[in-house]
Amino acid sequence: MTRVFIARDAAALALGADAVAAALAPHATVVRTGSRGMHWLEPLVEVETPAGRIAYGPVDVADVPGLLAAGMLTGGAHALCLGVTEAIPFLARQTRLTFARCGVVDPLSLDDYRAHGGFIGLQKAIEAGAAATIDTVLKSGLRGRGGAGFPTGIKWKTTADAEGDRKYIVCNADEGDSGTFADRMLMEGDPFSLIEGMAIAGLSTGATKGYVYTRSEYPHAIATFDAALAVARAAGMLGPDVFGSGQTFDIEQRVGAGAYVCGEETALLESLEGKRGQVRAKPPLPAHKGLFGCPTVVNNVITLATVPCILRDGPEAYQAIGMGRSRGTMPIQLAGNVRFGGLFEAGFGVSLGDLVNDIGGGTLSGRPVRAVQVGGPLGAYFPPFLFDTPFDYEAFAARDGLIGHGGIVVFDDTVDLAKQARFAMEFCAAESCGKCTPCRIGSTRGMETMDKITAGTAVAANTALLRDLCHTMKFGSLCALGGFIPYPVLSALDHFPEDFRP
Amino acid sequence: MPVFESFNADRAADIIAAHAGREGASLPILHALQHAFGCVPSDAVPLVAKALNLSRAEVHGIVTFYHEFRRTPPGKHVLQLCRAEACQALGADRLAEAVRTRLGVDWHGTTEDGDVTLEPVFCLGLCSVGPAALLDGTPLARLNADKIVTALESAA
């Protein structure tokens, strides 16, 4: 029977992919994959033909009889036919490295993984040895994709050089930023790449145990990743002799419990240790004293999952992509009120305006774009006049923003930025771990001050007070939660002052 | 639809013992207790404390730190409605207001007939297809109040 591919990604499931798969099951061999990341086209059905995969979407279960009658299984013409999948402009314009397999392969098939370039990186790492592997990661220019952008190779080298009876690799899959879903998509669509990346990290730093800390709001990612771990272990990819290297490395997944702050690396370590997820003061760095006081690499899902292709293709190939000190590609996530929402992986340097208006197609509502929040709840609101900002760590920092984990949330002209600024403070108050005063108390005082401003009470004095409070939070907080909440608040105040007038 | 057991100290002790030997065992234990009983019952707290050599206050501190852990079992169905920015950009605030009015409950509340518990959630990773929710773990996208009512009716 003809093979058809339908995503099992949570976004596709939410749009009815299971019903479409069930309707096609009697007529074709249905392979469930991750998502290609074109979420406005989900449920997307791809048909294997001699000309390549032909895409149809978005397919409603009611469309299935008509599609079959139109000869969909041989790539027949239909109003929903999008042609060859790879030629769809949204995909054709991308540089897919980290997400090369996502949406293409069966996420739990090791044969698929190998057939699409999997495990070559790990093989090369074993042949090259620990020091050369770390050197390759260093040379690639890879920086932490969780948001902080710290050079991955330096983190690995510090952990490798640190003394310790045990060492750990901890993967941060507590992807709590609104507007981001890259970690979720990768764990649901290509989990072996994360396993391979963690194994490379383990072998090259001397760590024997890895933990993946996944947020509980991602039940599908949790299930797929646990299933992938079982497959990898059964095949000898994990355990006492990883890939015939003679070295031990195993991975266990742990599930968070709804605390946003546990995405901060030291709070995450506390949570893994079974405690309240309260932030630790640094130093000591986790690379020196991390999980249970042992040297620990803490990296984001995307960082670790990108390592295998860097080892496979060489650091120069990766380094050659990007701009400035931001090397390689970034999976950018287009979210909120956006017409073409989804995941777009590209080299650093694409302008914000191109991402929002050209690639994202503007708003879903059809109204003008008024603001975009980049980098999650701690990221700045950018107005259209800053849309020339290139997607790059330093360029965003220079404009008092951050790229964070690569999420862009689009708002149309009905947005009230004073309300969004208040929400930032409210969110911080709800999620503060309570350890430091500026964040714990400041967020509540910030919320109250915002209420006074919107009520028209001593607006000038309270606005000055809010700015002063933001300054205290920015420089006095222990971690990025209290420290970065001023970004959305001040950007809203600076770029949209009209919303703060009574 | 999940069916929860009523609290039983022996059953709780078995659950705790199954995880107590793991590194940083408290979160796995609390998740397992909630999976069985629908919440972390207060009677389980001293049992967890004893097994992990912690004080009851420490375990209480852990349970109450994390939004996910409940102190009482939920209704028959749990609707986790996203309140984060990407869903706000598509009217999640208005949607939440409509759902609360229709169900007659506030956040964390359970309808009088015990059918639905409404929980706020900050991001489900469905930010490109919002407003989004999880109903008993099943993802829902592009929501409006009518769609939620239909989903609740078909789940009943």
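Our subject is the structure that appears above.
A brief look at the structure comes next.

### Thoughts on the overall build of chain A
From N to C terminus, chain A includes 21 helices and 16 strands. Its C-alpha atoms give chain A a radius of gyration of 23 Å, near enough to 23 Å, the size a compact globule of 502 residues would have. Each of the 502 residues in chain A was classed as buried or not, and the buried ones make up 61%. Considering only contacts within chain A whose residues lie at least 6 apart along the sequence, 71% involve residues at least 24 apart. In the form shown here, chain A has an accessible surface area of approximately 16600 Å², with 56% of it arising from carbon and sulfur atoms. Across chain A, the mean location of the 43 positive side-chain charges is 4 Å away from that of the 52 negative side-chain charges.

### Thoughts on the sheet that holds strand β3 (residues 133-135) of chain B
Residue and element names in this part refer to chain B. With respect to topology, four strands assemble into an open sheet ordered β2-β1-β3-β4, the strand pairing being mixed. Edge positions in the open sheet fall to β2 (116-121) and β4 (138-140), since each of these has one partner strand only. Along the sheet, successive strands turn relative to each other by an average axial angle of 25 degrees, direction set aside. Sheet strands touched by helix α6 (residues 92-103): β1 (77-82) and β2. Its angle to β1, the strand with the most contacts, is close to 155 degrees.

### Let's talk about the interface of chain B and chain A
Across the contact, 38 residues belong to chain B and 62 residues belong to chain A. Here chain B and chain A share an interface that buries about 3700 Å² over both sides, 57% of which is from carbon and sulfur atoms. Interface area lost by chain B to chain A is led by E23, F65 and E85 of chain B, which between them contribute 19%. Here chain B and chain A share four salt bridges between them. R83 of chain B is the partner of E426 of chain A in a salt bridge, and the nearest nitrogen-oxygen pair spans 3.8 Å. Here chain B and chain A share 26 residue pairs in polar contact (both at pLDDT 80 or more) between them.

### Considerations on the packing of helix α9 (residues 182-189) of chain A against helix α11 (residues 219-234) of chain A
All names here are of chain A. Following both chains from N to C, one finds α9 and α11 inclined at 35 degrees, their axes separated by 8 Å at the closest point. For the pair α9 and α11, the sense of crossing is left-handed. Facing R184, M187 and E188 of α9, the residues of α11 in contact are H220, A221, T224 and F225. Of the residues in the contact of α9 with α11, the class split is three nonpolar, two polar and two charged.

### A look at the pattern of salt bridges
Throughout the structure, instances matching the rule amount to 40 salt bridges over all chains. For the salt bridge of R467 of chain A with D494 of chain A, the shortest nitrogen-to-oxygen distance reads 2.7 Å. With R467 of chain A in helix α19 (residues 459-476) and D494 of chain A in helix α21 (residues 486-495), this pair connects stretches of sequence that are 27 residues apart. We classify R467 of chain A as partly exposed; its relative accessible area is 34%. The salt bridge partner of R102 of chain B is D146 of chain B, with a shortest N-O separation of 2.8 Å. Of this pair, R102 of chain B sits in helix α6 while D146 of chain B sits in helix α7 (residues 145-155), and the two are 44 residues apart along the sequence. The network of salt bridges with shared partners includes K209, E252 and R254 of chain A together with R22 of chain B.

### Regarding the pairing of strand β6 (residues 168-173) of chain A
Residues and elements named next belong to chain A. Summarising burial for β6: six of the six residues are buried, a large majority. Burial along β6 is two-sided: the face carrying Y168, V170 and N172 and the face carrying I169, C171 and A173 are both buried. Pairing between β6 and strand β9 (residues 296-300): five bridges, direction parallel. From the neighbouring strand, N172 faces β9, where its bridge partner is N300.

### Overview of the side chain of S326 of chain A
Residues and elements named next belong to chain A. With respect to the helices and strands, the residue S326 is situated in strand β11 (residues 326-327). By relative accessible area, which is 0% here, S326 ends up buried. Beyond its immediate sequence surroundings of up to four residues, S326 is in contact with R143, I321, F348, D392, Y393 and E394.

### Let's talk about the pairing of strand β4 (residues 52-56) of chain A
Residues and elements named next belong to chain A. Counting buried positions over the five residues of β4 gives four, a clear majority of the element. When strand β3 (residues 45-49) meets β4, the two strands line up antiparallel, connected through five bridges. Along β4, the bridge assignment pairs E46 with A55. Here β4 runs beside strand β5 (residues 81-84); their pairing, made up of three bridges, is antiparallel. Residue pairing across strands places A55 opposite G83, the latter belonging to β5.

The rules behind these values
Residues numbered from 1 in each chain as written. Chains lettered and ligands numbered in written order. Predicted model: local features only at pLDDT ≥ 70, side-chain atom pairs only at ≥ 80, totals over all residues. Heavy atoms only, no water. Helix = DSSP H or I, 4+ residues; strand = E, 2+ residues; numbered from the N terminus. Rg over C-alpha atoms; globule rule 2.2 N^0.38 Å. Buried < 20%, exposed > 50% of the residue type's maximum accessible area, 1.4 Å probe, protein only. Contact = heavy atoms within 4.5 Å. Areas by Shrake-Rupley, 256 points an atom, 1.4 Å probe, with all protein chains shown as cover. Lys, Arg positive; Asp, Glu negative; His and termini not counted. Charge placed at Lys NZ, Arg CZ, Asp CG, Glu CD. Pairing = 2+ DSSP bridges. Axes fitted to C-alpha atoms, helices over the stretch in contact; angles between N-to-C directions. Buried area = accessible area lost by both parts, 1.4 Å probe. Salt bridge = Lys/Arg side-chain N within 4 Å of Asp/Glu carboxyl O. Polar contact = N/O pair within 3.5 Å; in protein donor to acceptor, adjacent residues only side chain to side chain. Left-handed = near helix turned anticlockwise from the far one by under 90°. Nonpolar A, V, L, I, M, F, W, Y, C, P; charged D, E, K, R; others polar.

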